[in-house]
2 protein chains.
Amino acid sequence: MDTLPGKTVERLSQYRRRLLNLLDDNVEYIFSHELAEIIQISAVQVRRDLMLLGFSSVHRKGYPVEMLIEVIGQRLDDEKEQNVAIIGMGNLGTALASYLNGIRPKLKIVALFDIDKKKEGMEIVGVKCYPFSELGKVIKSKRVSIGVITVPQTSAKKVAAQLVKNGIKGILNFTHIPLNVPSNVSLEEYDMITSLEKVAYFVKESQEK
Amino acid sequence: MDTLPGKTVERLSQYRRRLLNLLDDNVEYIFSHELAEIIQISAVQVRRDLMLLGFSSVHRKGYPVEMLIEVIGQRLDDEKEQNVAIIGMGNLGTALASYLNGIRPKLKIVALFDIDKKKEGMEIVGVKCYPFSELGKVIKSKRVSIGVITVPQTSAKKVAAQLVKNGIKGILNFTHIPLNVPSNVSLEEYDMITSLEKVAYFVKESQEK
DNA sequence: AATTAGTTGTTATTTATTTCACATTTGTTT
DNA sequence: AAACAAATGTGAAATAAATAACAACTAATT
Ligand SMILES: NC(=O)c1ccc[n+]([C@@H]2O[C@H](COP(=O)([O-])OP(=O)(O)OC[C@H]3O[C@@H](n4cnc5c(N)ncnc54)[C@H](O)[C@@H]3O)[C@@H](O)[C@H]2O)c1
Ligand SMILES: NC(=O)c1ccc[n+]([C@@H]2O[C@H](COP(=O)([O-])OP(=O)(O)OC[C@H]3O[C@@H](n4cnc5c(N)ncnc54)[C@H](O)[C@@H]3O)[C@@H](O)[C@H]2O)c1
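Just so we're clear, the structure is a prediction, and the values are computed from it rather than from any experiment.

### Some points on the interface of chain B and chain A
Thinking step 1. Listed per partner, the contact involves 68 residues of chain B and 68 residues of chain A.
Thinking step 2. A buried area of about 6000 Å², summed over both sides, lies between chain B and chain A, and 61% of it is on carbon and sulfur atoms.
Thinking step 3. The three residues of chain B that bury the most area against chain A are Leu-196, Glu-197 and Tyr-201 of chain B, which together make up 11% of that side's buried surface.
Thinking step 4. Two residues, Glu-188 of chain B and Lys-198 of chain A, come together in a salt bridge whose shortest N-O distance is 3.5 Å.
Thinking step 5. In this assembly, chain B and chain A are joined by 28 residue pairs in polar contact (both at pLDDT 80 or more).
Thinking step 6. Take the side of chain B that touches chain A: its biggest share by element is 16 residues, from helix 8 (residues 192-208) of chain B.
Thinking step 7. Partitioned by chemical class, the residues of the side of chain B that touches chain A number 30 nonpolar, 19 polar and 19 charged.

Quick look at the structure:
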């Protein structure tokens, strides 16, 4: 079975989140155009994505919500749990720890790290903060495969290198320093300033019209 | 002059950030392949983007760093300042306020909002927090054109509607509730869970190989 | 049971984005 | 000053992503 395009993965993640809401409201079936409407994309796009999952609707009733959630999970989630660590417990890291914790059953936040002695041993939403020097040890003992980087820019490269050295498989980088990792490590970078500048640009453009 | 593709805008934003670093290090010229290397993209991509700016290098010396920063600014930035408000001063909103404040001279964080009475009047990095009820008034008096939404999911739609009603021109939404805004309002949505799930998916895929 | 209407799955098409390939330009070397 | 080298700018090609178009299917209606 082929690896899905990144764009499709993003949308599947969103579909699932919306579908879980619908399930809470006891919605049993949903049409492609309804799901599309919620996410603000086209119905064809939805159908195309679901096609890639090889999942079919019940004709004239739509897609069964619960089963669709299940199928998306089968495709996106690892069978075993994937363990995540967050490195840098400042403003953003702390916000993320509480936000991400428990949000997906298969993605566990299992460790936090900081070099600040004051934060050592601290717990956020029940997850312990370790000194950065124990990175390697904890990654091994807790089988961490994904690292989220929220340290100051100046430390980003150092931290990434350490993660890679200790066998991490994926990195989500929130600093605005572009990282350079081996091709067997999945990398996702996100920069909030870029998002803000993008909105600002399109606002400017629309006003010039 | 045509509106740039969103992808190009994103990269220009990144180029500028890197170029500003280079300027600090007194680098005067840079080749397309050097900039490409830093951002981890191809040199052609860099040249194509700069081509869209109509900006030329000095042959065999590269692109003059300072002038390039200037040209990117002319294209991305509004001539006048663009004023930004952040709505929802919880973990993420607070982190963002201190992060975004002052990061681009033309993008000013001028107001923060929260419904929590305890936060009223509070200042973060010198910016005042107003009660949500004063949204309309403050947007007008401070000429806010961009709103950043960091309220709980349940309030996201309500807040967006209020922003639109009060004439906001652009919204950056960090909740994972998809928003529905009129087409004259620029919308940028970002969901950290999606990023994390994406990394997790590609980690899983790479391990199945 | 025939007709209608609504929705899907998929192929074809279009549009957007990236990469290739190379002629062109100009500093440097011989 | 000729040959070379390094980089650029860009048209053409390739790739990726989104949209359109529609035949096929079936639940509901007559
Ligand atoms: N605050 C935001 O909203 C925001 C948004 C986008 C990006 N960022 C980026 O995220 C990063 C963190 O932002 P922040 O506002 O949380 O900063 P912060 O200064 O509040 O937090 C950084 C934390 O990292 C710790 N740290 C420093 N070096 C470390 C190391 N080598 N190993 C482990 N921990 C280390 C510090 O002790 C501190 O607790 C920055 O690079 C920033 O550019 C922040
Ligand atoms: N924490 C994160 O790292 C993170 C990451 C991604 C997305 N998010 C999303 O961002 C949002 C905020 O996250 P958070 O962790 O900061 O939550 P939070 O609960 O810490 O903060 C929310 C703040 O919004 C205020 N608020 C509530 N209703 C409001 C209204 N109508 N107008 C103005 N203010 C209002 C609350 O008083 C509170 O201060 C959530 O929707 C969350 O899903 C958070």
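On we go.
### Describing the protein's contact with DNA strand D
Thinking step 1. Taken together, 22 residues surround DNA strand D, and among them Ser-32, Arg-47, Arg-48, Arg-60 and Tyr-63 of chain B come closest.
Thinking step 2. Restricting attention to atoms of DNA strand D within 4 Å of the protein, one finds that 59% of them are sugar or phosphate atoms.
Thinking step 3. Measuring from a phosphate oxygen of DNA strand D, one finds a side-chain N or O atom of Gln-45 of chain A at 3.5 Å.
Thinking step 4. Looking at the surface near DNA strand D, the elements with two or more residues in it are helix 3 (43-53) of chain A together with helix 2 (32-39) and helix 3 (43-52) of chain B.
Thinking step 5. Of the residues in the surface near DNA strand D, the class split is seven nonpolar, eight polar and seven charged.

### Some thoughts on the domain arrangement of chain A
Often, the extent of an interface is quoted as the loss of accessible area upon association of its parts.
Thinking step 1. The domain boundaries assigned to chain A delineate domain 1 (6-74) and domain 2 (82-194).
Thinking step 2. Its C-alpha centre places domain 1 of chain A at a distance of 31 Å from the equivalent point of domain 2 of chain A.

### Quick look at the protein's contact with DNA strand C
Thinking step 1. Taken together, 22 residues sit near DNA strand C, with Ser-32, Arg-48, Ser-57, Arg-60 and Tyr-63 of chain A positioned nearest.
Thinking step 2. Here the atoms of DNA strand C within 4 Å of the protein split so that 54% fall in sugar or phosphate, with bases taking the remainder.
Thinking step 3. Between DNA strand C and Arg-11 of chain B there is a distance of 2.9 Å, counted from a phosphate oxygen to a side-chain nitrogen or oxygen.
Thinking step 4. At a separation of 3.0 Å, a base oxygen of DNA strand C approaches a polar side-chain atom of Arg-48 of chain B.
Thinking step 5. Going through the elements one at a time, helix 2 (32-39) and helix 3 of chain A together with helix 3 of chain B are the ones with two or more residues in the surface near DNA strand C.
Thinking step 6. Split into classes, the residues belonging to the surface near DNA strand C amount to seven nonpolar, eight polar and seven charged.

Conventions adopted
- Note on numbering: residues in each chain are counted from 1, in written sequence order.
- Written order decides the labels, with chains lettered from A and ligands numbered from 1.
- Note on the predicted model: pLDDT of at least 70 is required for a residue's local features to be given, and 80 or more for side-chain atom pairs to be given and counted; whole-chain, interface and lining totals, by contrast, use all residues.
- Note that water and hydrogens are dropped before the side-chain values are worked out from all heavy atoms of the structure.
- Contact between two residues is taken to exist if any of their heavy atoms lie within 4.5 Å; hydrogens are not considered.
- Buried area, as used here, totals the accessible surface that two parts lose on assembly, with accessibility defined by a 1.4 Å probe and the loss added over both.
- Salt bridge, as applied in this entry: a Lys or Arg side-chain nitrogen positioned within 4 Å of an Asp or Glu carboxyl oxygen.
- Pairs of N or O atoms within 3.5 Å make up the polar contacts considered here, provided that, within protein, one atom can donate a hydrogen while the other can accept it, and that residues adjacent in sequence are counted only when both atoms are side-chain atoms.
- The way it works is that DSSP assigns letters per residue, a run of H or I at least four long becomes a helix, a run of E at least two long becomes a strand, and they are numbered from the N terminus.
- Charged means Asp, Glu, Lys or Arg here, nonpolar means Ala, Val, Leu, Ile, Met, Phe, Trp, Tyr, Cys or Pro, and polar covers whatever is left, Gly included.
- Whether a residue is near a molecule or strand depends on its heavy atoms: it is near if one of them lies within 4 Å of it.
- As annotated, the domain borders come from an automatic or database domain assignment.

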